[in-house]
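# Breakdown of the fold
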Amino acid sequence: SQQGEEDPQALSIQEGENATMNCSYKTSINNLQWYRQNSGRGLVHLILIRSNEREKHSGRLRVTLDTSKKSSSLLITASRAADTASYFCATPVGQKLVFGQGTRLTINP
Amino acid sequence: GAGVSQSPSNKVTEKGKDVELRCDPISGHTALYWYRQRLGQGLEFLIYFQGNSAPDKSGLPSDRFSAERTGESVSTLTIQRTQQEDSAVYLCASSKRTGSDYGYTFGSGTRLTVV
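Throughout what follows, the structure given in this document is the object of discussion.

Criteria and cut-off values
Residues numbered from 1 in each chain as written. Chains lettered and ligands numbered in written order. Predicted model: local features only at pLDDT ≥ 70, side-chain atom pairs only at ≥ 80, totals over all residues. Heavy atoms only, no water. Helix = DSSP H or I, 4+ residues; strand = E, 2+ residues; numbered from the N terminus. Rg over C-alpha atoms; globule rule 2.2 N^0.38 Å. Buried < 20%, exposed > 50% of the residue type's maximum accessible area, 1.4 Å probe, protein only. Contact = heavy atoms within 4.5 Å. Disulfide = S-S within 2.5 Å. Salt bridge = Lys/Arg side-chain N within 4 Å of Asp/Glu carboxyl O. Polar contact = N/O pair within 3.5 Å; in protein donor to acceptor, adjacent residues only side chain to side chain. Pairing = 2+ DSSP bridges. Axes fitted to C-alpha atoms, helices over the stretch in contact; angles between N-to-C directions.

### A few points about the overall build of chain B
- When helices and strands are tallied, chain B shows zero helices and ten strands.
- Each helix and strand of chain B, placed in order from N terminus to C terminus, yields the pattern β-β-β-β-β-β-β-β-β-β.
- For 115 residues, the compact-globule formula gives about 13 Å, and the C-alpha radius of gyration of chain B, at 13 Å, lands near that figure.
- Counting all 115 residues of chain B, 50% fall into the buried class.

### Digging into the overall build of chain A
- Counting secondary structure elements, chain A contains zero helices and eleven strands.
- Over its C-alpha atoms chain A spans a radius of gyration of 13 Å, differing by no more than 12% from the 13 Å that the globule rule assigns to 109 residues.
- With the C-alpha coordinates aligned to their principal axes, the bounding extent of chain A is approximately 40 × 25 × 20 Å.
- Buried residues in chain A amount to 45% of all 109 residues.
- Long-range contacts, defined as pairs at least 24 residues apart, comprise 53% of the intrachain contacts of chain A with a sequence gap of at least 6.

### Examining the state of the cysteines
- The full count for this structure, using the stated rule, is two disulfides over all chains.
- Sulfur-sulfur distance for the disulfide between C23(A) and C89(A) comes to 2.1 Å. Handedness of the C23(A)-C89(A) disulfide follows from its S-S torsion of about 70°: it is right-handed. Placement of C23(A) in strand β3 (residues 19–25) and of C89(A) in strand β9 (residues 85–93) is noted, with a sequence separation of 66 residues between them.
- In this structure C89(A) comes out as buried when scored by relative accessible area, which is 1%.
- For C23(B), the disulfide goes to C92(B), at an S-S distance of 1.9 Å. Linking C23(B) and C92(B), the disulfide has an S-S dihedral of approximately -65° and is accordingly described as left-handed. Taken together, the residues C23(B) in strand β3 (residues 19–24) and C92(B) in strand β8 (residues 88–95) connect sequence positions 69 residues apart.
- C23(B) gets classed as buried once you look at its relative accessible area, which sits at 0%.
- Here C92(B) falls in the buried class, since its relative accessible area comes to 0%.

### Things to note about the pattern of salt bridges
- Summed over all chains, the structure comprises eight salt bridges over all chains.
- The partner of D56(B) in a salt bridge is K96(A), and the shortest N-O contact between them spans 3.9 Å. Of the two residues, D56(B) is situated in the loop between β5 (44–50) and β6 (65–69) and K96(A) in strand β10 (residues 96–99); the pairing between them involves two chains.
- K96(A) gets classed as buried once you look at its relative accessible area, which sits at 16%.
- A salt bridge links E44(B) to R36(B); its shortest N-O distance comes to 3.0 Å.
- The class for E44(B) is partly exposed, based on a relative accessible area of 29%.

### A word on the side chain of T82(B)
All names here are of chain B.
- Tracing the sequence through the fold places T82 in the loop between β7 (75–79) and β8.
- For T82, a relative accessible area of 0% corresponds to the buried category.
- In terms of polar contacts, T82 uses its side chain to reach the backbone carbonyl oxygen of K17, at 2.8 Å.
- Beyond its immediate sequence surroundings of up to four residues, T82 is in contact with T13, E14, K15, G16, K17, V19, R64 and V114.

### A short note on the sheet that holds β3(A)
Residues and elements named next belong to chain A.
- Reading across from one edge, β1-β3-β8-β7-β6 is the order of the five strands in this open sheet, with antiparallel pairing throughout. Because the sheet does not close on itself, it has two edges, and the strands there are β1 (4–7) and β6 (55–58). Strand-to-strand, the axes of this sheet are offset by a mean angle of 20°, without reference to chain direction.
- Pairing of strand β7 (residues 61–66) with strand β8 (residues 71–76), which is carried by six bridges, proceeds in the antiparallel orientation. Each bridged residue has a counterpart across the sheet, and for L65 the counterpart in β8 is S72.

Dropping the structure here:
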């Protein structure tokens with residue numbers, strides 16, 4: 001079974017709007033990571049949030065982590081066409097990362 | 001190199017043939033990971049290497065799959081007697097070491113099509 005699961009599976013918004021994606025996980029973690037994937041190829045690391053952090057910012061990205069609910073959210077503000085991609089959360093299981101199924105984000109001009 | 005390099009970028013092979021996929025990690029990254037991604041799906045862990053430690057092969061789906069790594073450099077993933085269900089993008093990633101505190105740097109993947 002998946003350690004991390006993203007919600008929604010797909011999201012379509014207008015350019016300029018904010019996009020929020022959620023991730024739920026099952027076991028205790030010491031951090032959670034978000035990645036972006038364009039065109040089904042390599043993933044790009046966006047941000048890592050540690051278990052003792054509740055919120056982290058990087059440019060237009062804001063990540064929250066609620067360890068009591070075993071969930072995280074990724075907010076992209078003022079979306080742009082270039083933000084169209086799939087977004088994955090990943091959590092460590094042993095010495096490796098386990099990825100969710102991803103959220104497919106489409107930004108409409 | 002500056003990034004993780006994978007070759008070939010695309011491979012079309014006939015069912016039953018063997019294929020070899022190559023990954024060049026970032027210099028100094030001791031950990032190397034292979035994942036498989038079927039169309040529209042998430043990433044499926046296959047194997048990781050950490051320095052000279054025994055690799056974690058727990059994700060390899062069958063004995064047709066094997067991987068090697070020379071020291072802390074190049075890795076090759078070999079699929080023998082390919083089947084159509086092996087069609088996927090094979091992604092390689094490296095990080096400074098195993099353990100959860102380090103983000104991964106991914107290559108662009110090899111898209112394998114078995115016909």
